[in-house]
Amino acid sequence: GAVVSQHPSRVICKSGTSVKIECRSLDFQATTMFWYRQFPKQSLMLMATSNEGSKATYEQGVEKDKFLINHASLTLSTLTVTSAHPEDSSFYICSAREAGAYNYEQYFGPGTRLTVT
Amino acid sequence: SQQGEEDPQALSIQEGENATMNCSYKTSINNLQWYRQNSGRGLVHLILIRSNEREKHSGRLRVTLDTSKKSSSLLITASRAADTASYFCATAVKNSGNTPLVFGKGTRLSVIA
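Each chain has its residues counted from 1, running along the sequence as written. The lettering of chains begins at A and the numbering of ligands begins at 1, in the order of writing. Local features in this predicted model are restricted to residues whose pLDDT is 70 or higher, and side-chain atom pairs enter the listing and the counts only when it is 80 or higher, whereas totals over whole chains, interfaces and linings include all residues. In computing side-chain properties, one takes all heavy atoms of the structure into account and sets aside hydrogens as well as water.

Novice: Looking at this structure, how should I read the overall build of chain A?
Specialist: If you tally the helices and strands in chain A, you get 0 helices and 11 strands. Each helix and strand of chain A, placed in order from N terminus to C terminus, yields the pattern β-β-β-β-β-β-β-β-β-β-β. Our radius of gyration looks at C-alpha atoms and nothing else; its globule reference is 2.2 Å times the residue count to the power 0.38. Relative to its length of 117 residues, chain A is compact, with a C-alpha radius of gyration of 13 Å against a globular reference of 13 Å. Each principal axis of the C-alpha atoms in chain A carries an extent, and together these give about 40 × 25 × 20 Å. Classification of residues uses two cut-offs on accessible area relative to the type maximum, computed with a 1.4 Å probe and protein chains only: under 20% is buried, over 50% is exposed, and between them is partly exposed. Counting over 117 residues, chain A shows a buried share of 50%. Every residue pair with non-hydrogen atoms within 4.5 Å of one another is taken to be in contact. Within chain A, contacts between residues separated by at least 24 positions form 55% of all contacts whose residues are at least 6 apart in sequence. The Shrake-Rupley method, run with a 1.4 Å probe, gives the accessible areas here. Residue values count only the displayed protein chains as cover. Carbon and sulfur atoms make up 50% of the accessible area of chain A, which amounts to about 5700 Å² in all. Where helices and strands are cited, they refer to DSSP runs of H or I of at least four residues and of E of at least two residues respectively, numbered from the N terminus.

Novice: Would you mind showing me how to read the interface of chain B and chain A here?
Specialist: Quoted interface sizes are often the accessible area lost when the parts come together. Taken together, the 28 residues of chain B in the interface contact 22 residues of chain A. By buried area we mean the combined loss of accessible area, with a 1.4 Å probe, across both parts when two parts are placed together. Where chain B abuts chain A, roughly 1800 Å² becomes buried across the two surfaces, and 51% of that area is made up of carbon and sulfur atoms. Any pair of N or O atoms that falls within 3.5 Å is considered a polar contact. Within protein, one atom must be able to donate a hydrogen and the other to accept it, and sequence-neighbouring residues count only if both atoms are side-chain atoms. The tally of links between chain B and chain A comes to 4 residue pairs in polar contact (both at pLDDT 80 or more). Elements supplying a minimum of two residues to the side of chain B that touches chain A: strand S4 (29-37), strand S5 (43-50) and strand S9 (85-93) of chain B. It is S4(B) that contributes the most residues to the side of chain B that touches chain A, 5 residues altogether. Classifying every residue of the side of chain B that touches chain A gives 9 nonpolar, 14 polar and 5 charged. Charged residues are taken to be Asp, Glu, Lys and Arg, nonpolar residues to be Ala, Val, Leu, Ile, Met, Phe, Trp, Tyr, Cys and Pro, and polar residues to be all remaining types, Gly included.

Novice: Can you walk me through the layout of surface pockets in this structure?
Specialist: Gaps between atoms show up when a probe of the same size as a water molecule is rolled over them. Lining residues are those with an atom within 4 Å of a point, where the points come from a 1 Å grid over the protein atoms alone and group into cavities, where a 1.4 Å probe fits but cannot get out, or pockets, open sets with protein on both sides within 12 Å along at least five of seven lines. Grid points are joined across faces, edges and corners, and a volume is the space filled by probe spheres set on the points. There is about 540 Å³ of room inside the largest pocket. In this structure, the largest pocket is lined by 24 residues; those nearest its centre are Pro40(A), Lys41(A), Gln42(A), Ser86(B) and Arg108(B). Only S9 and strand S11 (107-112) of chain B provide two or more residues apiece to the lining of the largest pocket. Per-element accounting of the lining of the largest pocket gives the leading share, 3 residues, to S9(B). Of the residues assigned to the lining of the largest pocket, the class counts are 6 nonpolar, 13 polar and 5 charged.

Here it is in structure tokens:
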């Protein structure tokens, strides 16, 4: 149980285009989803927290107009990188917390590798 | 933001040796978790230790937690080449049910066959 999927697993796009990444909780309802970014040989840095039906909360330094997050249902959150640039190339990982979860459990997706050329 | 540091940043050992990684954090926590990440892949959850626990075992893994020092250690015994990966600790802040896990900087472990 507690599986989180991400799609696509890899994407290459040209500079200036937008890319949407989907994060789905497959067998549970996720009231909260988190988006992390990981640059090569670095740790995961939290970008934003999204709660179903409300606006996402972004971490300091993360542009909300550039990284659009939509958590429209209890099983789906999307991250759209708008007007992508090469510096946005990174590994994006989503994580979901089950509704009513105790123990602060988070379940992680397998990640999406974004390359902007 | 990141909670703290892992130490060492990189560790290279021979197969069969033990590997010890340390993690320090800054705030009061509900629990601390260790994850493994193979190069270019997603996270694999290894073990969770609660703030009221001091030691936990899982197979070849042994985790300790010292809340007075705000530190944890991960010991991998009898290491194998397949253990080569990055290891991260992550903390769940106490009394903050909706806050995310905060990751340390990680230790890159290389196990040489």
